Each structure stands twice: as structure tokens, then as C-alpha cells.
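# Structural characterization, general
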Amino acid sequence: MLNKTCYIPQIKNDLKVLIIIVLFFNTLLSFSQSKPKFKVVLDAGHGGKDYGNVHHGFVEKKIALAVTLKVGEYLSKDSDFDFFYSRRTDVFVELKDRAIRANKEDANLFVSIHCNAAKNYSAFGTETFVMGLSRSATNLDVAKNENSVILLEDDYKENYKGFDPNRPESLIGLKILQEEYLNQSIELAAFVEENFKNGLSKKSRGVKQAPLWVLDASYMPGVLIEIGFLSNKVEGEYLNTEKGQNEMAKAIADAILSYKKQYFKSSSLTSKVEPIKTEEVATVTESAVEAIIDNSKKGIQFKVQLSASGSKITTSASNFKGLNGVHVEQSGKIYKYLFGSEDTYENAQNKLTEAKSKGFESAFIVAYKDGVKINLSDAIK
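Below you will find a few notes about this structure.

Each value, and the rule that gives it
Residues numbered from 1 in each chain as written. Predicted model: local features only at pLDDT ≥ 70, side-chain atom pairs only at ≥ 80, totals over all residues. Heavy atoms only, no water. Phe/Tyr/Trp six-rings, centres within 6.5 Å; stacked < 30°, edge-to-face > 60°. Helix = DSSP H or I, 4+ residues; strand = E, 2+ residues; numbered from the N terminus. Buried < 20%, exposed > 50% of the residue type's maximum accessible area, 1.4 Å probe, protein only. Lys NZ or Arg CZ within 6 Å of the ring centre and 35° of its normal. Core = buried A, V, L, I, M, F, W, Y, C linked by side-chain atoms within 4.5 Å. Contact = heavy atoms within 4.5 Å. Expected span 1.5 Å × (residues − 1). Salt bridge = Lys/Arg side-chain N within 4 Å of Asp/Glu carboxyl O.

A few words now on the packing of aromatic side chains. Within a pair of aromatic rings, the relevant descriptors are the distance that separates the centres and the angle that separates the planes. In total, this model carries six aromatic pairs according to the counting rule given. Ring geometry for Phe 38 versus Phe 81: centroids 5.5 Å apart, planes at 90°, classification edge-to-face. Separated by 43 residues along the polypeptide, Phe 38 in strand β1 (residues 38–44) and Phe 81 in strand β4 (residues 81–85) bring together distant segments of the chain. The class for Phe 81 is buried, based on a relative accessible area of 5%. Considering the side-chain rings of Phe 320 and Phe 360, the 6.4 Å spacing of their centres and the 25° angle between planes classify their relative orientation as stacked. Remark: Phe 360 occurs in the loop between α13 (345–357) and β12 (364–369) and Phe 320 occurs in the loop between β9 (300–309) and β10 (326–331); sequence separation between them is 40 residues. Like Phe 320, the residue Phe 360 is buried in the burial classification. Through successive ring pairs, a cluster of aromatic residues spans Phe 38, Phe 81 and Tyr 259. The residue whose ring lies beneath Lys 202 is Tyr 238, and the NZ or CZ to ring-centre distance is 3.4 Å.

And the structure:
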């Protein structure tokens, strides 16, 4: 029989060694991740030989660039910002290079600005996309349009490993590699749409998820904003004016400012990161070991996030395709709709499977400790 008295001290010693290593690397990581300013990559859609949507004489690449530059002008008034443009002039920039620049800059946000179009010329309104695997026909059409620039690139077969934007199976095959960022992307998108709707009285078509390559390849929260339909003559005329571009740009910039205020306080951006002292390690590791051994008493919970929006709705089963046990949590002006509350990741996966079987294809698992949201990977560890 195993002698528990001998076994537990050995566990503690092993855990101490592991925690010291983790603390050491976390300290190094804190130094590498400290950012004096909040970085945003502003991506004007299309450009050069890629005109984007062209209707009634309105050209997407020109309008997208004008609005993007104006967003930068508004953000430049805040000294806490660093922002970078994927393009400042009418040049063709490959999708992979847009994502590479964002990753290289180690940006906090990636914001891509576009104009919409539809076969039905009466369609109008704004919509903001985050990365997802929605199978909606409308969302797939948007994804195909925005991903189709890949075909204009010289070495697209090599660069995108056989990805074909015209094949739905390729679109659906894109994975959400940055699940940790999805929730923040949704919140930024909700801020954007709320500003369009409440600030400018525009018709908001909502926050949507679609398999967009440029968002998938950017390792940070990101959104793709469709500021209106050029195929709608009235909306196209508005977007083609200085007044319209200024108003849309300010709404987007204000959304970015709201997001920064919620997630990144100025003090936290400039605070000095102090390395942990050697004499403190013993105390830290001792308490950490006790916490790990006693982890069953800690409040680690896994939930399934079904959706998030700026509107609050009743959490009855009839509003969520028959799912019982849905509850809502408010974060700023965003309402998150969550399903289940499980103490193991395996049980949460079962809940996720149930949610997806009901049609919530973009649902994902989130984690909490003592009621506070934490990284899913940390909770699993």
C-alpha cells in the first residue's frame, strides 16, 4: 500500500521545482510582453489591382483607405496609442503580409475596414465580423468575397497551402487558432456596431462570425468591419463623402478607445514589471503547492459561450433553440450568453457538443476561477 505520509512531501518537492521554473519563465515573459503603448494595426481592405466592390462609381479600395486613415487621425490624439497601417496608399498588399505585419508589431488589436455589396441593391447597414466557422450562406458569401484577393497573388498556392476561397469546405476548414482572443474580438465588434447604431443611427446587421483568412492568421483580437453597402446607391453616396467617412471613422476610433479603456488601463501599460526575488520563491511555492494539492476546493468552472451581443434577451430555452440552463453575464455593455457550469473540461466538452448539435456552431468553452474569467489553457493546466 502507498504510504501517503511519504508520498505527499515528494509531490510537494516536485511541484516546488516545477513552480520555480514556471515563475522564472513567467517573469521573463512579463518583461517581453510589457508594452508602453497600446498597439493597433489599421488595415484598409483591398488596394492596387484589387479594387474590391465597385458599384455606381463607388470604389471600395478608395473608401476603405480614406476611412482607415481617418481612424488613425482620431487615435493619434491619444498619446497611449501606437498604430500601424497595412497600407497608406493605393497599393496591393497580400493577405499574408497584412497578418505578418500585425504579428511582427505584436499588436493588441487588428482592425480591418471594408465596404459591403449584395446582389439585392436594397440591402444596407453595417456588420462587423470576427473569426469563426459559421456555415451561414450569407456569412460564407462575405468570406468568399474578402478571401478572394488570395487568387490575385502570384504564389497563392504555395503561400496558402491549397486554400481555395471559392470552396466552402476550405472556408469551413479554417480553425479558430486563437480561441483565447475570440471573446475580446466579439466585444470590440459589439462596441463598433453599438456606435454605428446608437451614435450614427445606422442599421446594424450585428456581430457575425465567418472564416476570414486575415483574422485567422493574426495572433491577437481582430475584427473586419463592413461599413456599408456600395451596391446601395444611397449608402454608397454617404460613404463616398468626407462627412460620411469622418463619421464612420470616429465611430470606429471611439469603439477602439472603449475597448482599450475596458481591457488596458494606462497605469497597467506603463507599470514597471518587477522580477520575483529569490528569497520570495520559497513562500510563493509553498502556498502554490498547497493551492494545487487543495485544488478541488477552488472554484474552477468551465462554461460554454453561445453568443455575445449588445442586447439583453430572456434566457428561456425557447430563445436558445431548446437549451436549458442558459444564463447571461454582463461585461461592460456586452451581454454574454453561457450554457452550463462544469467542474471538468471533459464535461464542458459534452456541453459544447450539445450546444453545437442545436445549431450553435460558433460556441466555445471559457473558464473561470472563483467567478473570474481566466485563460482556458491555464484552467486546463
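Back to the write-up after that little detour.
A few words now on unusual backbone geometry. The phi angle at His 56 is positive, at roughly 55°, despite the residue not being glycine. Within the fold, His 56 resides in the loop between β2 (54–55) and β3 (58–59). A residue is classified by how much of its surface remains accessible, and His 56, at 38% relative accessible area, is partly exposed. Backbone geometry places Asp 106, a non-glycine residue, at a positive phi of 55°. Among the secondary structure elements, Asp 106 is positioned in the loop between α3 (95–104) and β5 (109–116). We classify Asp 106 as partly exposed; its relative accessible area is 40%.

This part covers the nonpolar core. Formed by 43 residues in total, the largest nonpolar core has its most connected members in Val 71, Val 111, Ile 227, Ile 252 and Ile 256. Ignoring sequence-local partners within four residues, the contact set of Ile 227 consists of Ile 63, Val 67, Ile 113, His 114, Cys 115, Thr 126, Phe 196, Leu 239, Met 248 and Ile 252. By size, the runner-up hydrophobic cluster in this structure holds 19 residues, among which are Tyr 335, Phe 339, Leu 352 and Ala 363.

The next thing to look at is helix α10 (residues 242–263). Between its first and last C-alpha, α10 extends 32 Å over 22 residues, near the 32 Å set by a 1.5 Å rise per residue. Inspection of α10 places Gly 244, Gln 245, Met 248, Ala 249, Ala 251, Ile 252, Ala 253, Ala 255, Ile 256, Tyr 259 and Lys 260 among the buried residues, and these make up the whole buried set.

Let us now look at the environment of Gly 52. As for its placement among the helices and strands, Gly 52 is situated in the loop between β1 and β2. Separated by twelve residues in sequence, Gly 52 and Ala 64 have C-alpha atoms that sit 9.5 Å apart. If we skip the residues at most four places from it in the chain, Gly 52 touches His 46 and Glu 60.

The next subject is the environment of Phe 84. Relative to the helices and strands, Phe 84 is located in strand β4. Assessed through its relative accessible area of 17%, Phe 84 is described here as buried. Residues Phe 84 and Val 41 lie 43 residues apart in sequence; the distance between their C-alpha atoms is 4.8 Å.

Working definition: two side chains of opposite charge can pair if their charged atoms are close together. Enumeration over the complete set of coordinates arrives at eleven salt bridges. A salt bridge links Asp 90 to Lys 61; the shortest N-O distance between them is 2.9 Å. Here Asp 90, found in the loop between β4 and α3, pairs with Lys 61, found in helix α2 (residues 60–75); they are 29 residues apart in sequence, far enough to count as distant. A relative accessible area of 4% places Lys 61 in the buried class. Between Lys 303 and Glu 329 there is a salt bridge; the shortest N-O distance is 2.9 Å. Of this pair, Lys 303 sits in strand β9 while Glu 329 sits in strand β10, and the two are 26 residues apart along the sequence. Here the residues in one salt-bridge network are Asp 78, Asp 80 and Lys 260, joined through shared partners.

Honestly, that's just the spatial picture; any functional story needs more than this.
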